[in-house]
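Topology and contacts: notes
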Amino acid sequence: MARTAWLRIAAPLALTALPCVACGASDHDAIPPELLAAIKAGEGSSQTYPEGPYGKQQGDVAKDVCIQAWRDPKAAEYEPSQLEKLCFSDYWDPAARDHSLLLVNTSALWCTACRSEYGGTTAWPSLGQQIAKRTDKGLRGFGVLFQDAKRDPASANNAVAWAQTFEVAFPFGFDEPFAMGAFADPVLQPFNMLLDTKTMKIVLTLEGDDPETLWPAIDAQLDR
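Residues numbered from 1 in each chain as written. Predicted model: local features only at pLDDT ≥ 70, side-chain atom pairs only at ≥ 80, totals over all residues. Heavy atoms only, no water.

1. Thoughts on the confidence of the model for the protein
Per-chain confidence: the protein averages 86 in pLDDT, with 79% of residues scoring 70 or above. Overall, residues 2-28 carries pLDDT values under 50, and its contacts beyond four positions in sequence, including any with other chains, amount to 16 contacts. Ignoring residues within four places in sequence, the model shows residues 41-46, a span with pLDDT below 50, making three contacts including any to other chains. (pLDDT = per-residue confidence, 0-100. Contact = heavy atoms within 4.5 Å.)

2. Side note on the state of the cysteines
What the rule picks out here adds up to two disulfides. Disulfide partner of Cys 66: Cys 87, at an S-S distance of 2.0 Å. On the S-S bond that ties Cys 66 to Cys 87, the torsion sits near 105 degrees, and the link is right-handed. Of this pair, Cys 66 sits in strand S1 (residues 66-70) while Cys 87 sits in strand S2 (residues 84-87), and the two are 21 residues apart along the sequence. Judged by relative accessible area, Cys 66 falls into the partly exposed class, the value being 31%. Assessed through its relative accessible area of 7%, Cys 87 is described here as buried. Covalently, Cys 111 is tied to Cys 114 through a disulfide, its sulfur atoms 2.3 Å apart. Around the S-S axis, the bridge from Cys 111 to Cys 114 shows a dihedral of about 85 degrees and counts as right-handed. (Disulfide = S-S within 2.5 Å. Helix = DSSP H or I, 4+ residues; strand = E, 2+ residues; numbered from the N terminus. Buried < 20%, exposed > 50% of the residue type's maximum accessible area, 1.4 Å probe, protein only.)

3. Regarding the pattern of salt bridges
Scanning the model with the defined rule gives six salt bridges in all. Across the pair Arg 140 and Asp 98 runs a salt bridge whose closest N-O atoms are separated by 3.2 Å. Linking Arg 140 in strand S4 (residues 139-147) with Asp 98 in the loop between S2 and strand S3 (101-108), this pair joins segments that are 42 residues apart in sequence. For Asp 98, a relative accessible area of 48% puts it in the partly exposed group. Measuring nitrogen to oxygen at the nearest pair gives 4.0 Å for the salt bridge that ties Asp 223 to Lys 137. Of this pair, Asp 223 sits in the segment after helix H6 (211-222) while Lys 137 sits in the loop between helix H4 (127-134) and S4; the two residues are 86 residues apart in sequence, bridging distant segments of the chain. What you see here is one network of salt bridges that share partners, running through Arg 71, Glu 84 and Asp 90. (Salt bridge = Lys/Arg side-chain N within 4 Å of Asp/Glu carboxyl O.)

4. Re the sheet that holds strand S5 (residues 172-174)
If you walk across this open sheet you meet the seven strands as S2-S1-S5-S4-S3-S6-S7, and the pairing is mixed. Every other strand in the sheet has two partners, leaving S2 and strand S7 (201-207) as the edge strands with one partner each. Here the strands of the sheet are splayed against their neighbours by 30 degrees on average, with no regard to which way each runs. In this sheet, S4 lies alongside S3 in parallel orientation, the contact comprising eight bridges. Across the sheet, the residue bridging to Val 104 is Phe 142, located in S4. Across the face of the sheet, helix H3 (residues 112-119) comes into contact with S3, S4, S5 and strand S6 (191-196) while running at roughly 135 degrees to S3. Here helix H5 (residues 156-165) sits on the sheet in contact with S1, S3, S4 and S5, set at roughly 145 degrees to S5. (Pairing = 2+ DSSP bridges. Axes fitted to C-alpha atoms, helices over the stretch in contact; angles between N-to-C directions.)

5. A closer look at the packing of aromatic side chains
Summed over all chains, the structure comprises 11 aromatic pairs. Considering the side-chain rings of Phe 146 and Phe 178, the 4.4 Å spacing of their centres and the 20 degrees angle between planes classify their relative orientation as stacked. With Phe 146 in strand S4 and Phe 178 in the loop between S5 and S6, this pair connects stretches of sequence that are 32 residues apart. Both residues of the pair, Phe 146 and Phe 178, belong to the buried class. Cluster of aromatic residues (ring-pair linked, three or more members): Tyr 118, Trp 162, Phe 166, Phe 170 and Phe 172. Sitting over the face of the ring of Trp 110, Arg 151 holds its NZ or CZ atom 3.7 Å from the ring centroid. (Phe/Tyr/Trp six-rings, centres within 6.5 Å; stacked < 30°, edge-to-face > 60°. Lys NZ or Arg CZ within 6 Å of the ring centre and 35° of its normal.)

This is the structure in structure tokens:
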């Protein structure tokens, strides 16, 4: 490959301060796969999320879902005015630069098992503690409240009450139209869905509070 062609490929990466690959070597064609993915993601393509077809089974690509949420609820002091649009696509990381797995959790005010999951039990730490313990390994969490105590659509005030009660410190918000209904049964709660953020494919879906299954499965993925 000519030096000028290599410079044209490398130019979009200049601002990202990526380390030089094979600097001074003659074999410029031996570009690592993760660098190629980064180049593809930054070449000015209009694609911002993996293409479908989308599904809800293990191995399917999950369609992009967006809700009103806090990226950092504690830092935002649970203020409704600080809610913003947060989507699965915000976690798409094809080169696994920042993370590799996303745990999406749905809950409702009427759901006692959801409260146990967020509050923790004598046998199992809270959902937030479990996520925090695995953050350095590449796990991210995304909490979604979708119904109130009367099974009506959740509101911003409901999200505030829930997040304050359980001192939620990972991205969390409310899903008034229940966009997560593309994956979750509103009756069988909580619902946990694990996504591979390199591909946005579904790794695992789990209905109900079942930490004995959920966390070993997540650890197995993180240790791969």
